[in-house]
Amino acid sequence: MDVTELYPEDLVFEHEAVAATGVPGPVIRQWARRGRIRRFPGNGRLTGQGHEYKTMYALPEVQERAAAYRPTPQRARRAA
């Protein structure tokens with residue numbers, strides 16, 4: 001997806017992308033770190049808990065990746 005195809009309302013914060021797609025936040029951050037989706041600077045909006053939202057993601061890119069996302073089952077703990 002080309003950056004010129006994005007509209008300002010397509011950019012969302014991580015928690016909004018999680019709510020829209022169901023993909024966990026750490027997975028979205030990992031995709032961005034590996035270059036599969038792009039990061040955009042946030043607008044500095046305050047959360048009300050003393051932190052700022054700093055990173056935005058393009059929701060169409062996240063939704064495109066989320067279509068093929070399958071959660072990895074974690075191993076169960078072994079009995080000691």
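The following paragraphs examine the structure supplied in this document. This is a predicted model, so every value here is computed, not measured.

The rules behind the values
- Residues numbered from 1 in each chain as written.
- Predicted model: local features only at pLDDT ≥ 70, side-chain atom pairs only at ≥ 80, totals over all residues.
- Heavy atoms only, no water.
- Pairing = 2+ DSSP bridges.
- Helix = DSSP H or I, 4+ residues; strand = E, 2+ residues; numbered from the N terminus.
- Axes fitted to C-alpha atoms, helices over the stretch in contact; angles between N-to-C directions.
- Contact = heavy atoms within 4.5 Å.
- Buried < 20%, exposed > 50% of the residue type's maximum accessible area, 1.4 Å probe, protein only.
- Phe/Tyr/Trp six-rings, centres within 6.5 Å; stacked < 30°, edge-to-face > 60°.

## Observations regarding the sheet that holds strand S3 (residues 55–58)
Now for step 1: Within the open sheet, the three strands sit side by side as S1-S3-S2. Their pairing is antiparallel. The strands lining the two open edges of the sheet, one partner per strand, are strand S1 (11–13) and strand S2 (39–41). In this sheet, neighbouring strand axes are inclined to one another by 45° on average, regardless of whether the strands run parallel or antiparallel.
Now for step 2: Bridge count between S1 and S3: three bridges; the pairing is antiparallel. Note that in S3 the partner of Phe13 across the bridge is Met56.
Now for step 3: Contacts between helix H1 (residues 14–21) and the sheet are confined to S1 and S3, with S1 contributing the most and set at about 100° to the helix.

## Considering the side chain of Glu61
Now for step 1: As for its placement among the helices and strands, Glu61 is situated in helix H3 (residues 59–66).
Now for step 2: Assessed through its relative accessible area of 9%, Glu61 is described here as buried.
Now for step 3: Sequence-distant contacts of Glu61, defined by excluding residues within four places in its chain, comprise Met1, Ile37 and Arg38.

## What about the packing of aromatic side chains?
Now for step 1: Summed over all chains, the structure comprises one aromatic pair.
Now for step 2: Judged by centre distance (6.1 Å) and plane angle (80°), the rings of Trp31 and Tyr69 are edge-to-face. One end of the pair, Trp31, is in helix H2 (residues 25–33); the other, Tyr69, is in the segment after H3, with 38 residues separating them in the sequence.
Now for step 3: With relative accessibility at 9%, the residue Trp31 sits in the buried group.
Now for step 4: Exposure remark for Tyr69: the relative accessible area of 21% places this residue in the partly exposed category.

So far we have only geometry, and geometry alone does not tell us how the molecule works.
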